Amino acid sequence: MQRYVMPFESLGIADIASVGGKNASLGEMICHLGASGVIVPGGFATTAQAYRDFLHDNGLDVRIEATLATLDVSDVVALATAGAEIRSWIVTAPLPARLEAEIREHYAVLSEDGQASFAVRSSATAEDLPDASFAGQQETFLNIRGIDHILQAIREVFASLYNDRAISYRVHTGYTGMNVALSAGVQRMVRSDLGASGVMFTLDTESGFRDAVFITSAYGLGEMVVQGSVNPDEFYVHKPHLAQGFPAIVRRSIGSKLERMVFTDSQATGHSTRIEDVPLALRDRFSLTDAEVLELARHALAIEAHYGRPMDIEWGKDGIDGKLYILQARPETVQSQSAMGSVSEQFQLQQTGEVLIEGRAIGQKIGTGCVRLVVSSAEMYKVKAGDVLVTDMTDPNWEPVMKIASAIVTNRGGRTCHAAIIAREMGIPAIVGCGNATEVLKDGEVVTVSCAEGDTGKVYRGQLRFEVTRQNEAALGDIPVKLMLNVGNPTLAFEFASLPSAGVGLARLEFIINNLIGIHPKAALQFDTLSADLQAQLLHQSRGYADPVSFYVDKLTEGIATLAAAFWPKPVIVRLSDFKSNEYRLLMGGEGYEPAEENPMIGFRGAGRYVAPSFTDCFALECQAMKRVRETLGYTNVEVMIPFVRTVTEAREVVKELAKNGLTRGEHGLRLIMMCEIPSNALSAEQFLQYFDGFSIGSNDLTQLTLGVDRDSSLVANRFDERDDAVKALLTMAITTCNRLDKYVGICGQGPSDHFDFALWLVEAGIQTISLNPDTLLETWRKLSEKASG
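Residues numbered from 1 in each chain as written. Predicted model: local features only at pLDDT ≥ 70, side-chain atom pairs only at ≥ 80, totals over all residues. Heavy atoms only, no water.

1. A short note on the overall build of the chain
When helices and strands are counted, the chain shows 30 helices and 30 strands. Taking 28 Å as the expected radius of gyration for a compact globule of 790 residues, we find that the chain reaches 29 Å, a close match to that expectation. Along the first, second and third principal axes, the C-alpha set of the chain runs to 95 × 50 × 50 Å. Within the chain, the proportion of its 790 residues that are buried is 58%. A separation threshold of at least 6 residues defines the contact pool for the chain, and within that pool the share at least 24 residues apart is 70%. Total accessible area computed for the chain in this model is approximately 29600 Å², and 50% of it derives from carbon and sulfur atoms. (Helix = DSSP H or I, 4+ residues; strand = E, 2+ residues; numbered from the N terminus. Rg over C-alpha atoms; globule rule 2.2 N^0.38 Å. Buried < 20%, exposed > 50% of the residue type's maximum accessible area, 1.4 Å probe, protein only. Contact = heavy atoms within 4.5 Å. Areas by Shrake-Rupley, 256 points an atom, 1.4 Å probe, with all protein chains shown as cover.)

Laid out in structure tokens, this is it:
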């Protein structure tokens, strides 16, 4: 006689039909991944046959099938009525005697000490399959103690197969009728109520980049992260460097983590947990140490390697024993199922406007429409096709209206919550964790929701123009030059890495300093001398890090490392900071350290700033970050570029300053590149190249300084042209000298992105690489290929 209950350790992935994907996966990991250090709490599962016999013995299978046969799931009221009726039948029906006896038997073995608590979860036989995500469709009950409460929770789990959201989802994905059964998993609970928990993916959830592990974490039980009730901490770990033994955390973001779910003393379902505020001191620190992040990432790699596909994994840290446990693992079903390769789709705003609110971007699309404020699921009927759904928090119950919205905006939630996963699956832009979107956005107003500008999603007032470009990457022909990318925003690096570039020809530090740090380096260094108000601002900005100086260096390190990891092992040429004094003044504390220059464009900037006594300590912070990226994290594909070097003497001084800070040309394969952007650079190219391994031509500054045209002035904008003969004469000098001396020469200015004829001229002049804006790379490649073959 087939048993109705199976211990996890007797299960494997071949048992999906019997115990569902979730429970089969738990058994698979217990049996095969223990040697890799993966710890999975033990438990048992009821079988699909037990569920079917339960329905049959009570005559429920016939009644349920008859009810669903005439149900129109698009009718929200009818769906709710039918679902409630079916669930009431199930929760009041008795379990078969043999099933109850087997549950009692296995529970007695697991709860020998009498103190254990359990999670009772669903595992549908059509759940967590590679082509569909049924995660969260059924109920989970946490901190359940005592056999009577376990039996009741199992009935509740059985009933949840007929939640409104589950019925609707199965209809839309083709899993209809009675062909879906349910297994209840009873698993010993990890005391993450006293620790932390979260979700991790073995790819980047937004771009599909396969070489990263993405981890989210918050205090307390993981339901808060999964449901999107908190804004968690986020971490990215680079798989190739982790496998080589490097501490490969390339990015961290601290979340607000305002609340956590913890145990109560009650044993009954529905009353066994409560939500409490997280103390301020805990909110302002990361919920995981770096060592714990790396351990989780190693577990993720082991799980992915075993299953042979990208995975979506839930984990918990026990606050008593301090260990990290894997609670669930299922196939990732959005990015891994998307078409890989041939066609790329990019959304780009064509104009800007007033930003009403910001949050975490989900997906990389843009949507516009009328705001529709919805307080609860009872008001879902208000949402019409094309509306922007705005609410406190969505969950899978909202699926019927989510699929008709043009965009979704929520107060709460992180990028791994169920709502985010479903938004990605439906291809709808969503911004989660905005804080107070329901207060700021007004019902009926027209807005533009942009998730196409990196990690931060923005809601703009009004309907802004945007462009969608679809480009085919297949069958790109040979071209006589290497095409690289200009990248400023590290949060877009994983997306841009899918383009067929030769690496990054210009990675700018300015975006990292301005957007991810926001503090003037001198203010961080002289923190003790600042006013109390300014100190408070810096401490808030740098929360989660040891102090403002550590924050400054660590965020620089993370930004550079993200770029290096995205394009590894291709070269990434990082230009050190090239803010002008008026731009530095805008940083927190900047007004106290920056001069008010008449013409900052040709003032205190670049190499001259680096070697000035008033700035060398600030420059040392950049060098420290660069050295850490290359030597501690192992990204030797990073090359250092120095901007705005006016004289050969300045070149010698800045190279000496770099060496003083541990960045010696040639050591550990370090290449130093100089921006060629001043006429003196081209005219004295041979002398400058004594100190550098090549030139990267900055055609923007070179053009303005050659023609005497202020590139920021609209009055003379029509005179600015990189194709002017005088500019070309200087370019020819620079390119010819580099090639003669066997040095690197590329161009990273705007010109080739704007003017294809200029790109052609550069190829004919002997340029080795052309660095382009990402949105022009494929088109430029295609034109160059056609020219070469034609």
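2. So, the sheet that holds strand E19 (residues 430–432)
The strand order around the closed barrel formed by seven strands is E15-E19-E18-E17-E16-E20-E21, and the pairing between neighbours is mixed. Ignoring which end each strand starts from, the neighbouring axes of this sheet average 35° apart. Relative to strand E18 (residues 407–410), strand E17 (residues 388–391) runs parallel, the two being bridged by four bridges. Paired with Leu389 across the two strands is Ile408, which belongs to E18. (Pairing = 2+ DSSP bridges. Axes fitted to C-alpha atoms, helices over the stretch in contact; angles between N-to-C directions.)

3. Structural notes on the environment of Phe44
Inspection of the secondary structure assignment puts Phe44 in strand E2 (residues 43–46). In this structure Phe44 comes out as buried when scored by relative accessible area, which is 1%. Along the sequence, Phe44 and Val120 sit 76 residues apart, while their C-alpha atoms lie 9.9 Å from each other. Those residues within four positions of Phe44 in sequence are excluded, and the remaining contacts are Val5, Met6, Pro7, Phe8, Ile103, His106, Tyr107, Leu110, Ala184, Gly185 and Val186.

4. Digging into helix H1 (residues 16–32)
The end-to-end C-alpha distance of H1, which contains 17 residues, comes to just 16 Å, noticeably less than the 24 Å that a straight helix rising 1.5 Å per residue would cover. Tucked into the core, H1 has its buried residues touching E2, strand E3 (118–124), strand E5 (182–188), helix H11 (290–307) and strand E13 (324–331). (Expected span 1.5 Å × (residues − 1).)

5. So, the side chain of Asp455
Inspection of the secondary structure puts Asp455 in the loop between strand E20 (446–450) and strand E21 (456–461). If sequence neighbours within four positions are ignored, Asp455 has contacts with Arg251, Gly359, Arg360, Ala361, Arg415 and Thr491.

6. Let's talk about the packing of helix H4 (residues 76–91) against helix H6 (residues 147–159)
Where H4 meets H6, the axes come as close as 8 Å, and the angle between the chain directions of the two elements is 150°. Regarding the angle of H4 to H6, the classification is roughly antiparallel. The handedness of the crossing between H4 and H6 is right-handed. Residues Arg87, Ile90 and Val91 of H4 touch H6, and the partners they reach there are Gln152, Arg155, Glu156, Phe158 and Ala159. Among the residues making up the contact of H4 with H6, the classes are represented as four nonpolar, one polar and three charged. (Parallel < 35°, antiparallel > 145°, perpendicular 65-115°, else oblique. Left-handed = near helix turned anticlockwise from the far one by under 90°. Nonpolar A, V, L, I, M, F, W, Y, C, P; charged D, E, K, R; others polar.)

7. Topic: the layout of surface pockets
For the largest pocket, the calculated volume is near 1600 Å³. Considering the residues around the largest pocket, the lining is formed by 50 residues, among which Asp455, Thr456, Thr491, Phe511 and Leu516 are closest to the centre. Counting only elements with at least two residues in the lining of the largest pocket, the list comes to strand E9 (249–253), strand E14 (343–349), strand E15 (355–362), E21, helix H15 (493–496), helix H16 (510–517), helix H18 (532–541) and helix H19 (548–567). Split by residue class, the lining of the largest pocket holds 13 nonpolar, 23 polar and 14 charged. (1 Å grid on protein atoms, 1.4 Å probe; cavity = no way out; pocket = protein on both sides within 12 Å on 5 of 7 lines; lining within 4 Å. Points joined across faces, edges and corners; volume = space filled by probe spheres on them.)

8. Observations concerning the pairing of strand E25 (residues 572–575)
Burial of E25 is two-sided: the residues Val572 and Val574 facing one way and the residues Ile573 and Arg575 facing the other way are all buried. As judged from the three bridges shared by strand E24 (residues 504–508) and E25, these two strands associate in the parallel manner. Bridge pairing links Val504 to Val572 in E25. Across four bridges, the pairing between E25 and strand E26 (residues 638–642) is parallel.

9. Looking at the sheet that holds E25
Taking strand neighbours around the barrel as the criterion, the eight strands line up as E23-E24-E25-E26-E27-E28-E29-E30 in a closed arrangement whose pairing is parallel. Strand-to-strand twist of the sheet, defined as the mean angle between neighbouring strand axes without regard to direction, takes the value 30°. Lying on the sheet, H19 is in contact with strand E23 (482–487), E24, E25 and E26; it crosses E25 at an angle near 160°. Helix-sheet contacts for helix H30 (residues 777–789) involve E23 and strand E30 (769–772), and the interaxial angle to E23 is about 160°.

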